[in-house]
Amino acid sequence: MDNTVFSLSQKRILVTGSSSGIGQQIALTCGDTGATVCITGRDEERLQSVYASLPSGDHIQWSGDLADFDKLDELVDVLFPLDGVVLNAGMVKTQPVQFIKSEDLDRIFDVNIKSTIILIQKLLKKKKINKGASIVFISSISTQKATIGNAMYNATKGAVNSYAKSLALELAPKGIRVNVVLPGFVPTNILNGGHLSAEELAQHEKNYPIGRFGNPKDIAFLVQYLLSDASSWMTGSLIPIDGGFSLK
Amino acid sequence: MKDQFFEKLREILEAEDKEISLDDKFRDYEEWDSLANLSLIATIDDEYGVVIPNDEFKKIETVGALIQAIETRMASL
Ligand SMILES: NC(=O)c1ccc[n+]([C@@H]2O[C@H](COP(=O)([O-])OP(=O)(O)OC[C@H]3O[C@@H](n4cnc5c(N)ncnc54)[C@H](OP(=O)(O)O)[C@@H]3O)[C@@H](O)[C@H]2O)c1
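Worth saying up front: this structure is predicted, and the values here are computed from it rather than measured.

### Re helix H4 (residues 102-125) of chain A
All names here are of chain A.
In step 1: Within H4, the axis deviates most sharply at Asp110, by approximately 50°.
In step 2: Among the residues of H4, those classed as buried are Asp104, Ile108, Asp110, Val111, Asn112, Ile113, Ser115, Thr116, Leu119, Ile120, Lys122 and Leu123.
In step 3: As for H4, its buried residues are in contact with strand S1 (12-15), helix H3 (72-78), strand S4 (82-87), strand S5 (129-138) and helix H5 (151-171).
In step 4: Phi turns positive one or two residues past the end of H4, at Lys127, with a value near 55°.

As C-alpha cells, then:
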C-alpha cells in the first residue's frame, strides 16, 4: 500500500487555535507527519509550550485575538504560502435562548465565524493559499444534533458549515479543497465554563455508542487525512466524528 | 428578596402555583432539567448581577443556601 499518500511531508500548514485542546493535537500530528506548521492562540505561554513540543523545523507561532480583525494582516504577512489551513479556533457560550445577550452574540460570531471568513479572504488576496491546498474547518456535531443551551454556538457552527460549502465551490477550480469536521464531545479546556458535574458528564458519556468521549487524537487523525493527498477527491464534505453519538 | 426569588424560580420551572420553601433541594423538583439549571444561572446573573462560580454552584443544594450565596456575593459588589 502507498502510505506516503497520507504523509504531510513538505506541506506547510496553518492551524488556528493551536495553543490547546484539539488544535494543539492537530498541530503536533501535522508536525509529526512531516509538515511545517504555523500555530496560533492568544495565550503566549501555552503557545510557546506547544511550539517547544514540535519536531525541529521552520515552524512559526503567532499570538493574537483572531476577532481583532485588523491584526489578521500581521498574521497573513508572517505566513509562508500554505498547503493546508485548519480553522479550529473557537469558543463556546452556553445560554438558554431567552437569556442571549447581544454582546455575547457579537463576540461568539466574531470568534467562531467572522474571523474565519475575513482570514480566508486575506489569505486568498495575498496569494498565501497554494493551488491544490486543503482547507479544513472544525465545526461541531451539534449542528446535526442540538443540545440545550447551545443555540448561539450552534448558530455560529451552522454558519461555518454553510460558508465552507460555498467556499468549496468557489475554490474548486483552483484545486483547493474545503471540508468540514463535525466532532462530538471531546473533553478540553473549552468545557471549563460548562455547567455539567462529573456525574452528569458520566451520564452523558452513555449516549456515545462507542462507549467513550473523543480525544484530540481522534480528531487530529481525520484532519491529517483531509490535509493529505489521500483525500484529493473530497471537497465540500461535512464529516461527523462522534463515536456514534448522532446515530441515536 | 426571598419572595422575588421564589417567583423567579416558579417562572423557570414553569410551575405558577408551586409551593417553594427554603429547605427545598431544587435539583429534586420534578420540573428540574438541564434547561432549568442553565436558566437559573442566567437569571441570577441578570436579576442580581452576580455570577456564582460553577464549582460553588454545583455544591449548593437548597433554595435557602442559594439565596444566601447570592446575597453574600451581592454584598461584596
Ligand atoms: N471539545 C469539544 O467537545 C468540541 C466539540 C466539537 C467542536 N469543537 C470545536 O473544536 C475547536 C477547538 O476546541 P477545543 O475543544 O480544542 O477547545 P480549547 O482547548 O478551548 O481550544 C480553543 C482554541 O482556540 C483558541 N481561541 C479561542 N478564542 C480565540 C480568539 N478569540 N482568538 C484566537 N484564538 C482563540 C484558543 O487559544 P487561546 O485561548 O490561547 O486564545 C485555543 O487554542 C473549536 O472550534 C470548538 O468549537 C470542540
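Resuming the write-up.
### Brief notes about unusual backbone geometry
In terms of backbone geometry, most residues other than glycine have negative phi values and most peptide bonds are trans.
In step 1: Positioned with a positive phi, Lys127(A) is a non-glycine residue whose angle comes to about 55°.
In step 2: Mapped onto the elements, Lys127(A) comes out in the loop between H4 and S5.
In step 3: The backbone phi angle of Glu14(B) is positive, close to 50°, even though this residue is not glycine.
In step 4: Looking at the secondary structure, you find Glu14(B) in the loop between helix H1 (2-13) and helix H2 (34-48).
In step 5: Relative accessible area serves as the criterion here: at 72%, Glu14(B) is assigned to the exposed category.

### Points about the sheet that holds S4(A)
All names here are of chain A.
In step 1: Taken in spatial order, the seven strands of this open sheet run S3-S2-S1-S4-S5-S6-S7, and their pairing is parallel. Edge positions in the sheet fall to strand S3 (60-63) and strand S7 (238-241), since each has one partner strand and no second. Mean inter-strand twist for the sheet, computed between neighbouring axes without regard to direction, equals 15°.
In step 2: Summarising the sheet, S1 and S4 pair through three bridges and their orientation is parallel. Pairing of Leu14 across the sheet is with Val85, part of S4.

### Focus: the packing of aromatic side chains
In step 1: Under the defined criterion, the tally for this structure stands at eight aromatic pairs over all chains.
In step 2: Summarising the aromatic geometry, the rings of Tyr208(A) and Phe245(A) are spaced 4.8 Å apart at their centres and angled 10° between planes, so their arrangement reads as stacked. In this pair, Tyr208(A) sits in the loop between helix H6 (198-205) and helix H7 (216-227) while Phe245(A) sits in the segment after S7, placing the two residues 37 residues apart along the sequence. The same class applies to Tyr208(A) and to Phe245(A), which are both buried.
In step 3: One aromatic cluster in this structure is built from Phe185(A), Tyr208(A), Phe213(A) and Phe245(A).
In step 4: In this structure, Lys145(A) is placed above the aromatic ring of Phe245(A), and the distance from its NZ or CZ to the ring centre is 4.4 Å.
In step 5: One residue, Arg27(B), lies across the ring of Phe57(B), its end atom 5.2 Å from the ring centre.

### Describing empty space enclosed by the protein
Residue and element names in this part refer to chain A.
In step 1: As enumerated under the stated definition, the model contains two cavities of 30 Å³ or more in all.
In step 2: Estimated volume of the largest cavity: approximately 50 Å³.
In step 3: If you go around the largest cavity, the residues you meet are Thr16, Leu66, Leu72, Leu87, Ala89, Val111, Ser115, Thr116 and Leu119.
In step 4: Counting residues per element, the lining of the largest cavity draws most heavily on H4, which supplies four residues.
In step 5: Across the lining of the largest cavity, the residue classes tally to six nonpolar, three polar and no charged.
In step 6: By volume, the second largest cavity is sized at about 50 Å³.
In step 7: Leu87, Asn88, Ala89, Asn112, Thr116, Phe137, Ile138, Lys157 and Val160 together form the lining of the second largest cavity.

Each value, and the rule that gives it
- Residues numbered from 1 in each chain as written.
- Chains lettered and ligands numbered in written order.
- Predicted model: local features only at pLDDT ≥ 70, side-chain atom pairs only at ≥ 80, totals over all residues.
- Heavy atoms only, no water.
- Bend = angle between axes of the 7 residues up to and from the residue.
- Helix = DSSP H or I, 4+ residues; strand = E, 2+ residues; numbered from the N terminus.
- Buried < 20%, exposed > 50% of the residue type's maximum accessible area, 1.4 Å probe, protein only.
- Contact = heavy atoms within 4.5 Å.
- Pairing = 2+ DSSP bridges.
- Axes fitted to C-alpha atoms, helices over the stretch in contact; angles between N-to-C directions.
- Phe/Tyr/Trp six-rings, centres within 6.5 Å; stacked < 30°, edge-to-face > 60°.
- Lys NZ or Arg CZ within 6 Å of the ring centre and 35° of its normal.
- 1 Å grid on protein atoms, 1.4 Å probe; cavity = no way out; pocket = protein on both sides within 12 Å on 5 of 7 lines; lining within 4 Å.
- Points joined across faces, edges and corners; volume = space filled by probe spheres on them.
- Nonpolar A, V, L, I, M, F, W, Y, C, P; charged D, E, K, R; others polar.

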